[in-house]
Each structure stands twice: as structure tokens, then as C-alpha cells.
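Working through the structure, step by step
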Amino acid sequence: MLGIACDPLQHTSMYERGSDDSEDSDGEGGLGNVSRVIIRPPGQSGKAKRGHLCFDAAFETGNLGKAELVGEFEYDLFLRPDTCNPRFRFWFNFTVDNVKQDQRVLFNIVNISKSRNLFASGLTPLVKSSSRPKWQRLPKRQVFFYRSAMHQGHYVLSFAFIFDKEEDVYQFCLAWPYSYSRLQSYLNVIDARQGADRRFTRCVLIKSLQNRNVDLLTIDHVTHKQRSTNRLDRSFIRVIVILCRSHSSEAPASHVCQGLIEFLVGNHPIAGVLRDNFVFKIVPMVNPDGVFLGNNRCNLMGQDMNRNWHIGSEFTQPELHAVKGMLKELDNSDTYQIDFVIDLHANSSMHGCFIYGNTYEDVYRYERHLVFPRLFASNAPDYVADHTMFNADERKAGSIRRFSCERLSDTVNAYTLEVSMAGHYLKDGKTISLYNEDGCEYDCWIRLESFPNQYPFPWADYRVGRNLARTLLQYYRFINILPMPIVSEVRGKRRGRNRHAHHSRSRSKTRYEVKPRPKTPRCHAPIAYTNLSICYDSGGGGGNSSDEGGFSPTRPLAPGSSCFSGYRNYRRAATAGSCMNPAHDQYSPFALGAKTGSDHGGGVPGGRTKKSAAQVTIEVPVPVNVPPKPYLSIIDLNQLTRGSLKLKSNSFDGTDRR
């Protein structure tokens, strides 16, 4: 069938054995993925010779449905769709062996279902061999993504390659594979290296349909004194929930999750602070069956795991049912409060890393929701603010982000953290820096003839996970849950380091005299939340905020909002009366006058007071010029479209009249 045009979509089922399969091919043409399929030129039979390529995808995370020889050096490859769902065909992972020295080939993947991707913007397939186990990307000049007239106008991914060693087995993949077995091995390793100070606990949350483990890691060093609290006393333990790998082909998300786990169980001071004050619940693989089978997006039943959170059943999606039960149990608890639900994903159509968030009717809850993405953008050099989006799309109603927003309490911030499968643009806006598998900086540019040459990968997916942990610490310091470090302590730690410990190369003996800096008094400036116009009490309460520890100013409720929502209504109703106390206003004239009197000995300039046992002199304090209280009223743009501008303005005017 050389040069004959064919419809690639007719091969998407891959559930029938070809009539021309030879007997010496071990199971070739079987169900699902190809298994040791040998492709011979037309008119040849018998034992395979060198150069008759052997394709195999019958292994964990493998995906290749069919291979055909359409030219002397050209092969058409057909991806296997997800089990029980023929819509999704994008992930591929297969091996090629029985090659000949310096054999040139051209592979065409002809049935990709996703036309909007990064193949036209720098993304290239990965390759490794048995003698060179490090994954390396194909150069851009050998990769083409185009609409082919020979394939009924479908989009085709073509890449050229030269096999330079006959004895090697070559493997091609869309992204660095992260299999179920690799996760189990990693968890076993970090569990075995724990000493007496156990930094996390591991348990099986539920079994999948194919009897695979859905692991749950709990990183918790909160002391017993902090646990003897309850929500009725306005004290609780904050919980951060991390979910990963809902979509089986998004392997880079697992690298982000592993980087986060490695950081939290490590010896870094930031990790110690987070472990001592917060509880982390991490589910590193929500869809183990889909990952094992090599599906692109769905589980064993052909269902999208991130579109069924609102209707998930314990019979078809037991993983979702178990995670929802855990979230509801924590949300109803008197001891714990869920602060974050972060879902990790990989994106195949945009560069960099970015966050998807929600929109709310309560404008103050929406203000609070914007803080974490802004802090994460300052910590991640590869963050792309243009891709960040906050919406309430009905098509995403079944995602964990929308489910947590609607079904859990107002204190929950639910985000989707996306990391690109390719890389991110540098500051010049033209150069693309591609992500690599591990955290080291190495050179890896692949020519058509041989592997080694140079191409830099400066940022890794693991670093995205570490940046996420650092942002969590910065967030809790920003809202005054954690104290800010004292400048003198930070300087003392820096002086105590041995600056010559990590430098093996010799230094010049010539020293330049550095003048000491003047010892100017420095102290951390307190954050005035009224300046920032951010309210951290979603219910608009007073000084004892149930969300951020009572550091928010008093503000009116937005139209349509309520003080309590979620599963915890009946528990919070008992404490509603404590929210009505007026908050302390640092800008009020009485506060400034009291502060002046306490600091300077009263209202008289100079700090002098008249004391007499027989006569008490009452002095009138000198009027203080009070600056206007900074306040910025934010009006939700969504309310402008609903004709509620007048209602919104009246609510603020009514507050001012009080």
C-alpha cells in the first residue's frame, strides 16, 4: 500500500487482528497496543532481517495502536485511543528495535485528535536508547506538524531520525513517562529512609477498579498542644490538599508533585516551618489505572476524571468517591480547616506555568482568592500571567476546582496549577527554555546523526513544586498566620555560614577592602490591609475572622453573599455571635489619640503632665491632624452587567452614613 491515501480515523479502534500478520511476530496485531510487531517491506516474508523495524508498546504507559510502512523509509503510526473512549488520542510511548546501522526513517503519527498543541511552538518528542538512558528531545528542525492532504486533511506529526547503533533499543515518547510503578518505588524509598522522626505517613485511600493503590501521604508535625483546639473556640489546624495525575498523560505534573514531596520531607528550614504548622494531604496519583494503561485522559471506564467530581460514583470512579469523602470529613471537622485544594496538571497547548482560579459572587472572597496566584508569580520565574484565568465556566462544573468552590466552605481556595509539557519563554520573549526531567542543568541538543551536542534546560519541573511550597509559606506570613522573621536573625544565619565550604576552586589572594555598612535601625513594616483593600473574612465579619485569624477590617457584605456556606453551616452558626464585635481600626482618631497619649505621656506636647494630690487638672488634648483613612471600594465587574451598580453604591453609602 505504498503511496495510497487512507483515512487514519478508521484505525482508531485497533481491536482486530490483521490478516497479513506473520506467525513469527510475537503477538503482533493483538488487542490494544502493538506487541513486538515487525514491519516488513512488501513481498518479503520469513525471518525478519536487520532493518525490519520491530515496534512494541505492550508495557506500562505504552501507547501505539498500529504501524504501517508507506514508503521506503516512511512509516505511518496510529495511536491507540483511550479505553472505552475513542475521542482522545495524543499520548504516545513506544519502542523500536531490530534496526540497522545508520538507518534513516521518517515516522508520521497520523491520528492525533488535538490539533491545538505545542508541536508548532517548540515541543518535540523525546527519545532515549538502551545505551543512553537519559531522555533527550529531538531537534526542532527534524520535527514537523502540519495538515496532510495524503491523510484526508488530518493533522500529522512527522519526525525524522537516524539509528546509530544496531544493538540498541530506542524509545520515543511525548513527555517524560512517570508510571505507577515508579511512584510506588519512590514512595517505598522515602518511606524506608525515614528515621525515628517520621515526617509523613502513608496509607492506601482506596483501591482502583484494577486493584491498584491510590496512596495518600499525610505530612503532619503539628504539636499536641495545637491539636487540643476546636472550631467553636475559633482555633483550628489548617489543611492543604494536593491532588495530582487526574489525567493519565500529564506526566510532568507528577514531577511537580514529586518535587513538592521531596521538599516537604527534606531538611530545608521552610519545610520544617510548614510541617510544624500545617497538615498536608497529598494524593500523588488519582488515576492509576489510566496511567498504567497508557491512556491519554480517561480512566479504565473511559471517563474523564476531572469532569465527574460532581457525579462520580463509587462503582465507576472509586478514586473520586474516596477523595470527596476525605474532603467532606475535613470540612465538617471541628479541629481542621481546609485552606487550599490544589490540582496539578500538565498543559500541552501553552508555555510556562500558570494558575486557573474561580470567580465568586462575594467580591471580598474574590479579592482573597487573587492573593495566592500573585505571590506564586513572584516566586516562579517561568510563571505566565497572561495565561492565568479565573472563571465559573459551566463546562468545568465537574472539575475539582469548581466542585471545591461550590460544595466546600468559604474558607477553601481551590486552584488548578498547570505546567507546560514543553517549556517557557525567557525574558526576551523569543527564546524557549524547555523543561527537563530532573533538577540539574545539562546540555542536550540532538542532531539527526548523533545524540550529544548542546542545548540548555535551565528550569525543571521539580523546581515548580519547590516554588509552590515557598509560596505557601509566604502566603501565611502575608495574612499574619505565621510571624515574619526578624531581620537580625536572618543576618545572623547568613553570617554563620561557611562561605568557603562549597567552593573547591582556589580564590585570589588579593582582597578588596569593603567598608562596613552603617548600622541603621531596620524593622519590618506592618502590613495595613486597609491600604491593600483586601478583606480576608469572606463573611464580612469583624475582628474575629473565621478565615484569617481576625486581621481583616470591617466591610459590608456583597449582594447575594452570606456569612456561612458549605457543609459547616450548622457548626458555624453557634459562633456567629462572636463575629459581630467591631474590629479595631488603626486609622481612627481615638486610636491615634490613645497611641499618642501612651507613647508621649498624654496629649500635651512634650510629654508633661500635672500631678497634684489636692487638685486634679483635666487637660484637653491638642487636636491631632488625622490623615484620611485610605479605602478603595472595589465593585465587581460582574455586578455591573446585572444592573446592580445602584444597589452596590447604596450599600457603601449606607455604611459610610453609619
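Report on the accompanying structure. (Residues numbered from 1 in each chain as written. Predicted model: local features only at pLDDT ≥ 70, side-chain atom pairs only at ≥ 80, totals over all residues. Heavy atoms only, no water.)

1. Some details on the overall build of the chain
What counts here: Secondary structure elements follow DSSP: runs of H or I of four or more residues count as helices, runs of E of two or more count as strands, with numbering from the N terminus. Relative accessibility thresholds used throughout: buried, under 20% of the residue-type maximum; exposed, over 50%; partly exposed, between the two (1.4 Å probe, protein chains only). The contact rule is simple, with two residues in contact once any of their heavy atoms fall within 4.5 Å. Residue-level accessible areas treat just the shown protein chains as cover; the underlying method is Shrake-Rupley with a 1.4 Å probe.
A count of helices and strands for the chain gives 16 helices and 21 strands. Counting every position in the chain, which comprises 658 residues, the buried fraction comes to 50%. Within the chain, contacts between residues separated by at least 24 positions form 71% of all contacts whose residues are at least 6 apart in sequence. Taken as a whole, the chain presents about 32,500 Å² of accessible surface, with 53% of it coming from carbon and sulfur.

2. A short note on the pattern of salt bridges
Rules: Any Lys or Arg side-chain nitrogen located within 4 Å of an Asp or Glu carboxyl oxygen qualifies as a salt bridge.
The full count for this structure, using the stated rule, is 14 salt bridges. Between aspartate 164 and arginine 132 there is a salt bridge, and its shortest N-O distance comes to 3.0 Å. Of the two residues, aspartate 164 sits in the loop between β10 (155-163) and β11 (170-173) while arginine 132 sits in the loop between β7 (126-129) and β8 (136-137), which places them 32 residues apart along the sequence. The residues aspartate 164 and arginine 132 share a single accessibility class, namely buried. The residue arginine 238 makes a salt bridge to aspartate 339 at a minimum N-O spacing of 2.9 Å. One end of the pair, arginine 238, is in strand β14 (residues 237-244); the other, aspartate 339, is in strand β16 (residues 336-347), with 101 residues separating them in the sequence. Summarising the burial analysis for this pair, arginine 238 and aspartate 339 share the class buried. It is possible to trace a salt-bridge network through shared partners that takes in Arg132, Asp164 and Asp168.

3. Quick notes on helix α1 (residues 180-192)
Rule in force here: Between the first and last residue of a helix there are one fewer steps than residues, each counted as 1.5 Å, and that sum is the expected span. Regarding the arc, it is the one traced by the directions from the helix axis to the C-beta atoms.
For α1, spanning 13 residues, the distance from its first C-alpha to its last is 18 Å, which sits close to the expected 18 Å at 1.5 Å a residue. Looking at α1, one finds that the buried residues are Tyr180, Leu183, Gln184, Tyr186, Leu187 and Ile190. Angularly, the buried residues of α1 cover 165° about the axis, an arc narrow enough to put them on a single face.

4. Observations regarding the packing of aromatic side chains
Condition: Two rings from Phe, Tyr or Trp (for Trp, the six-membered ring) form a pair when their centres are within 6.5 Å of each other. A pair whose planes differ by under 30 degrees is stacked, one over 60 is edge-to-face, and the rest are tilted. Only Lys NZ and Arg CZ are tested; either one counts as a charge over a ring when it is within 6 Å of the ring centre and within 35 degrees of the ring normal.
Summed over the entire model, instances satisfying the criterion amount to 30 aromatic pairs. Between phenylalanine 92 and phenylalanine 94, the ring centres sit 6.4 Å apart and the planes meet at 45°, which makes this aromatic pair tilted. Grouping residues by exposure puts phenylalanine 92 and phenylalanine 94 together as buried. Look at phenylalanine 278 and tyrosine 476: their rings are 4.0 Å apart centre to centre, the planes differ by 25°, and that puts the pair in the stacked class. Taken together, the residues span a long stretch of sequence, with phenylalanine 278 in the loop between α4 (269-277) and β15 (279-283) and tyrosine 476 in helix α10 (residues 461-478) at a distance of 198 residues. As far as the burial class goes, phenylalanine 278 and tyrosine 476 line up, both buried. What links up through ring pairs into an aromatic cluster is the set Phe55, Tyr75, Phe92, Phe94, Phe107, Phe159, Phe161, Phe163, Tyr170 and Phe172. Between the NZ or CZ atom of arginine 212 and the centre of the ring of phenylalanine 292, over which it lies, the distance is 3.8 Å.

5. Let's talk about the pairing of strand β12 (residues 201-207)
For clarity, the cut-off: The pairing criterion for strands is at least two bridges between them, as found by DSSP.
Pairing between β12 and strand β13 (residues 213-220): six bridges, direction antiparallel. In the strand pairing of β13, lysine 207 is matched with asparagine 213. Hairpin connection between β12 and β13: a loop of five residues separates the two successive antiparallel strands, and asparagine 211 in this loop has a positive phi of roughly 65°.

6. Topic: the sheet that holds strand β5 (residues 93-97)
Pairing within the open sheet is antiparallel, and its six strands lie in the order β1-β2-β5-β11-β7-β8. Of all strands in the sheet, those with a lone pairing partner are β1 (37-38) and β8, marking the two edges. As defined by bridge partners, β7 adjoins β11 across four bridges and the pair is classed as antiparallel. Residue serine 129 lies in a different strand from β11, and its bridge partner there is tyrosine 170.

7. Observations regarding the nonpolar core
Let me state the cut-off plainly: Here, nonpolar core means buried Ala, Val, Leu, Ile, Met, Phe, Trp, Tyr and Cys residues that are tied together by side-chain atoms lying within 4.5 Å of each other.
Of all hydrophobic cores here, the largest spans 100 residues; its most connected members are Phe55, Phe94, Phe107, Phe163, Phe172 and Leu344. If you look at the next biggest cluster of nonpolar residues, it comprises 24 residues, including Val214, Leu216, Leu327 and Val412.

8. A look at the side chain of asparagine 108
Put simply, the rule reads: Here a polar contact is taken to be a pair of N or O atoms separated by no more than 3.5 Å, where protein atoms must pair a possible hydrogen donor with a possible acceptor and residues adjacent in sequence count only if both atoms sit in side chains.
Mapped onto the fold, asparagine 108 is located in strand β6 (residues 103-109). Side-chain polar atoms of asparagine 108 contact the side chain of glutamate 74, separated by 2.4 Å. Excluding its chain neighbours within four sequence positions, the residues that come into contact with asparagine 108 are Glu74, Tyr75, Asp76, Leu77, Tyr146, Val156, Leu157 and Ser158.

9. A word on the sheet that holds strand β3 (residues 66-69)
Two strands in a sheet stick together by hydrogen bonds in their backbones, pointing the same way (parallel) or opposite ways (antiparallel). Operational definition: All axes are obtained by fitting lines to C-alpha atoms, using only the stretch in contact for helices, and the reported angles, taken between N-to-C directions, cover 0 to 180 degrees.
Reading across from one edge, β3-β4-β6-β10-β9 is the order of the five strands in this open sheet, with mixed pairing throughout. At either end of the open sheet lies a strand with only one pairing partner, and these are β3 and β9 (143-147). Taking the axes of each pair of neighbouring strands and ignoring which way they run, one obtains an average angle of 25° across the sheet. Judged from the four bridges that link them, β3 and strand β4 (residues 74-78) form a sheet pairing that is antiparallel. Among the inter-strand pairings, leucine 69 is bridged to a residue of β4, identified as tyrosine 75.

10. A closer look at unusual backbone geometry
Although it is not a glycine, arginine 245 adopts a positive phi angle of roughly 65°. Looking at the element boundaries, arginine 245 is found in the loop between β14 and α3 (251-264). At asparagine 480, a position not held by glycine, the phi torsion is positive, near 65°. Mapped onto the secondary structure, asparagine 480 falls in the loop between α10 and α11 (487-496).

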